[in-house]
Amino acid sequence: MTKGLRFKKTGREVKAAVSKRIERLQGRLARRDHALDEFLNDRVMVRSLLIRAIGGRVRRRNPSDATPLYPETDISGEQMEEVRKICERIFELEAELRRLRLLVSHLADDEVFELSFAQLSSYGFEP
């Protein structure tokens, strides 16, 4: 059984690639944080989101209730979905940054590692 392609990289090389990846991820995270901050500063929309999210759970317990009509000032379903996606992506980016920082803190510079293609790519190595 073959192991597939393996790439030998030193801890120093891995740290350099991971550092670049961290920088790129931080930029992506900053953009999403900014979008979330803008939303959070709109108290009317935040309130509307919370009320609709909680109200939706109550409605599921009482399925005979008609679907309510929301005024135009309330958050739309599309906006709710957009906020949900921003929050999910922030969660994913923060988890990836924690993983990469943990990796960097425990690598010895001179140790040589055999990396799979998936690892090589996930650590940020580029052509």
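Let us look at the structure shown here. Since this is a predicted model, take the numbers as computed values, not measurements.

**Overview of the pattern of salt bridges**
Enumeration according to the criterion identifies nine salt bridges in this entry. Residue Arg-84 pairs with Glu-81 through a salt bridge whose shortest N-O separation is 2.2 Å. Linking Arg-84 with Glu-81, this pair stays in helix α3 (residues 77–105), spanning three residues, or about one helical turn. For Arg-84, a relative accessible area of 35% translates into the label partly exposed. With relative accessibility at 31%, the residue Glu-81 sits in the partly exposed group. Between Glu-88 and Arg-84 there is a salt bridge; the shortest N-O distance is 2.2 Å. Highlighted residues: Glu-88 and Arg-84, both in helix α3, separated by four residues, approximately one helical turn. One network of salt bridges, in which partners are shared, links Arg-21, Glu-96 and Arg-99.

**Quick look at the side chain of Glu-96**
Position of Glu-96 relative to the elements: it lies in helix α3. By relative accessible area, Glu-96 is classed as buried at 18%.

**Looking at the environment of Leu-97**
Along the polypeptide, Leu-97 turns up in helix α3. Here Leu-97 falls in the buried class, since its relative accessible area comes to 3%. Each C-alpha atom, one on Leu-97 and one on Arg-21, is 8.9 Å from the other, the two residues being 76 residues apart in sequence. Excluding anything up to four places from it in sequence, Leu-97 contacts Ile-22, Leu-25, Gln-26 and Leu-29.

**Let's talk about the nonpolar core**
Ranked by size, the top nonpolar core spans 16 residues in total, and within it Val-14, Val-18, Leu-100, Leu-115 and Tyr-123 carry the most contacts. Among the elements that take part in this core, helix α1 (residues 11–40) stands out by supplying six residues, more than any other. Not counting residues up to four positions away in its chain, the partners in contact with Tyr-123 are Val-14, Ala-17, Val-18, Arg-21, Arg-99, Leu-100, Leu-103 and Leu-115. Judged by nonpolar contacts, the second largest core, of seven residues, contains Leu-49, Ile-75, Met-80 and Val-83.

**Quick word on α1**
Between its terminal C-alpha atoms α1 stretches 41 Å, which fits the 44 Å expected from 30 residues at 1.5 Å a residue. Taken together, the buried positions of α1 are Gly-11, Val-14, Ala-17, Val-18, Arg-21, Ile-22, Leu-25, Leu-29, Leu-36 and Phe-39.

**Focus on the packing of α1 against α3**
Where α1 contacts α3, the axes come no closer than 9 Å and their chain directions differ by 155 degrees. By the criterion of interaxial angle, the relationship of α1 to α3 is roughly antiparallel. Between α1 and α3 the crossing geometry is left-handed. In terms of residue class, the contact of α1 with α3 is built from 17 nonpolar, one polar and nine charged.

Criteria and cut-off values
- Residues numbered from 1 in each chain as written.
- Predicted model: local features only at pLDDT ≥ 70, side-chain atom pairs only at ≥ 80, totals over all residues.
- Heavy atoms only, no water.
- Salt bridge = Lys/Arg side-chain N within 4 Å of Asp/Glu carboxyl O.
- Helix = DSSP H or I, 4+ residues; strand = E, 2+ residues; numbered from the N terminus.
- Buried < 20%, exposed > 50% of the residue type's maximum accessible area, 1.4 Å probe, protein only.
- Contact = heavy atoms within 4.5 Å.
- Core = buried A, V, L, I, M, F, W, Y, C linked by side-chain atoms within 4.5 Å.
- Expected span 1.5 Å × (residues − 1).
- Axes fitted to C-alpha atoms, helices over the stretch in contact; angles between N-to-C directions.
- Parallel < 35°, antiparallel > 145°, perpendicular 65-115°, else oblique.
- Left-handed = near helix turned anticlockwise from the far one by under 90°.
- Nonpolar A, V, L, I, M, F, W, Y, C, P; charged D, E, K, R; others polar.

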